[in-house]
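This is what each chain is made of:
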Amino acid sequence: MTTLVLYEVRDRVARITLDSPHNRNALSAPLVAQLRDRLDDAAADGVVRAVVLTHTGRVFCAGADLSEAGTGSLAEGTKAIMALMNGIVELPKPVVARVAGHVRAGGMGILGACDVAIATEQASFAFTEARIGVAPAMISLTTLDLMAPRAVARCYLTGETFDAPTAAAYGLITESVQTPRLDGAVEAVLAGIKETSPQGSAETKRLLTAARRERFAARSADLAALSARLFASEEAQEGIHAFLERRSPAWRA
């Protein structure tokens, strides 16, 4: 199997790197499975105090793999992505997103599931679901609670692209920094985490994620089913194929 997710433990930190630049680190079935496995590895390793989730290439994560979604059936894929987001939330160690590229759609849900997110000013963000005929159903579980209501309404409804300083102002990310400062900013957070006890860190994360975990338990199955239904719809299939074919969808003709 091609390795799409790199894993390294160094200085008590598990560094997990999405390494599928050929499809912009899209959430293909193999990438999702490998990422879940690497998160499990980090959770089980007593040496690891924190996880850094980062990427190769110019895109942190483009969301669902639309080449898979274009088949019209994404039921298993939506369940797997939902489980992945829940796994990040449930991981008993802090997860820090290091973002040096663009984030779209389902990638926003992965970003939102992380406990801390630091991005370069050159990164960009967009909830593009409505533009292809679906909705940010599943990823609402990890983004609605971060952003101001008026900001999230604008971003969800328009699918417009916004920059890292705006993402920080909206509450989607923790900090926007200039590119040369990215690694230093991430290391500063990690240094603080390493000063805490494993028990203190784990229990503090449980306090921070309590409401999220309740929402996942109550709504994840329904939202995954909604997402799968929307992806399979005629309108969404038109939107997906229009995107893949680099043309305007029928409703914009």
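My aim in this report is to walk through the structure given alongside it, one point at a time. Note that the structure is predicted; figures quoted are calculated from it, not measured. (Residues numbered from 1 in each chain as written. Predicted model: local features only at pLDDT ≥ 70, side-chain atom pairs only at ≥ 80, totals over all residues. Heavy atoms only, no water.)

Focus on the packing of helix α10 (residues 210-232) against helix α11 (residues 234-244)
Here's step 1: It is the contact of α10 with α11, at a shortest axis distance of 5 Å, that shows an interaxial angle of 70°. Comparing their axes, α11 and α10 come out roughly perpendicular. Along its contact with α10, which presents Leu230, Phe231 and Ala232, the element α11 presents Glu234, Ala236, Gln237 and Ile240.
Here's step 2: In the contact of α10 with α11, the residues fall into five nonpolar, one polar and one charged. (Axes fitted to C-alpha atoms, helices over the stretch in contact; angles between N-to-C directions. Helix = DSSP H or I, 4+ residues; strand = E, 2+ residues; numbered from the N terminus. Parallel < 35°, antiparallel > 145°, perpendicular 65-115°, else oblique. Contact = heavy atoms within 4.5 Å. Nonpolar A, V, L, I, M, F, W, Y, C, P; charged D, E, K, R; others polar.)

Digging into helix α8 (residues 182-194)
Here's step 1: End to end, α8 covers 19 Å across 13 residues, agreeing with the expected 18 Å (1.5 Å per residue, within 8%).
Here's step 2: Taken residue by residue, α8 has Leu182, Ala185, Val186, Leu190, Ile193 and Lys194 as its buried positions. (Expected span 1.5 Å × (residues − 1). Buried < 20%, exposed > 50% of the residue type's maximum accessible area, 1.4 Å probe, protein only.)

Some points on the state of the cysteines
Here's step 1: Throughout the structure, instances matching the rule amount to zero disulfides.
Here's step 2: Lacking any disulfide linkage, Cys114 is separated from the closest cysteine sulfur, that of Cys61, by 11 Å.
Here's step 3: Unpaired in this structure, Cys155 has its nearest cysteine sulfur neighbour in Cys61, at a distance of 18 Å. (Disulfide = S-S within 2.5 Å.)

Topic: the pairing of strand β7 (residues 116-120)
On a regular strand, each side chain points to the face opposite its neighbour's, so the side chains alternate between the two faces of the sheet.
Here's step 1: For β7, the buried fraction is high: five of the five residues fall into the buried class.
Here's step 2: Where burial is concerned, the two faces of β7 agree: the one with Val116, Ile118 and Thr120 and the one with Ala117 and Ala119 are both buried.
Here's step 3: In this structure, β7 lies alongside strand β10 (residues 175-177), joined through three bridges in parallel fashion. Across the sheet, residue Thr120 finds its bridge partner in β10, namely Val177. (Pairing = 2+ DSSP bridges.)

Some words on the nonpolar core
Here's step 1: By size, the foremost hydrophobic cluster in this structure holds 53 residues, and its most contacted members are Leu53, Leu111, Phe125, Phe127, Leu172 and Ile173.
Here's step 2: A per-element tally of this core places helix α3 (residues 75-90) first, with six residues.
Here's step 3: Among the nonpolar cores identified, the runner-up in size contains 12 residues, and Val13, Val116, Leu190 and Ile193 belong to it. (Core = buried A, V, L, I, M, F, W, Y, C linked by side-chain atoms within 4.5 Å.)

Notes on the sheet that holds strand β9 (residues 162-163)
Here's step 1: Judged by pairing direction, the sheet is mixed, and its four strands sit side by side in the order β4-β6-β8-β9 without closing on themselves. Among the strands making up the open sheet, the edge pair consists of β4 (59-61) and β9.
Here's step 2: Set on the sheet, helix α4 (residues 106-113) makes contact with β4, β6 (102-104), β8 (124-126) and β9; between it and β6 the angle comes to about 105°.

Here's the deal with the environment of Leu91
Here's step 1: Turning to its location among the elements, Leu91 is positioned in the loop between α3 and β5 (95-99).
Here's step 2: Put simply, Leu91 and Asp40 are 51 residues apart on the chain and 8.2 Å apart in space, counted from C-alpha to C-alpha.
Here's step 3: In contact with Leu91, other than residues within four places in its own chain, are Leu39, Ala43, Val51 and Lys205.

Quick notes on the pattern of salt bridges
Pairing between side chains becomes possible if they bear opposite charge and their charged atoms approach one another.
Here's step 1: In this structure the tally under the stated criterion is 13 salt bridges.
Here's step 2: A salt bridge links Glu187 to Arg15; the nearest nitrogen and oxygen atoms lie 2.8 Å apart. Of this pair, Glu187 sits in helix α8 while Arg15 sits in strand β2 (residues 13-18), placing them 172 residues apart in sequence.
Here's step 3: Arg15 gets classed as buried once you look at its relative accessible area, which sits at 14%.
Here's step 4: One salt bridge in this structure joins Lys205 and Asp115, with 2.9 Å as the shortest N-O distance. (Salt bridge = Lys/Arg side-chain N within 4 Å of Asp/Glu carboxyl O.)

Concerning α4
Here's step 1: Of all eight residues in α4, eight are buried, a share of seventy percent or more.
Here's step 2: The set of residues buried in α4 consists of Gly106, Gly107, Met108, Gly109, Ile110, Leu111, Gly112 and Ala113.

Here's the deal with the packing of aromatic side chains
Any aromatic ring pair is given by two values, namely how distant the centres are and how the planes are angled relative to each other.
Here's step 1: Scanning all chains against the criterion turns up three aromatic pairs.
Here's step 2: Arranged with centres 5.9 Å apart and planes meeting at 25°, the rings of Phe125 and Phe162 form a pair that is stacked. Of this pair, Phe125 sits in strand β8 while Phe162 sits in strand β9, placing them 37 residues apart in sequence. Like Phe125, the residue Phe162 is buried in the burial classification.
Here's step 3: Plain terms: the ring middles of Phe127 and Tyr156 are 4.9 Å apart, the flat faces sit at 65° to each other, and that makes the pair edge-to-face. (Phe/Tyr/Trp six-rings, centres within 6.5 Å; stacked < 30°, edge-to-face > 60°.)

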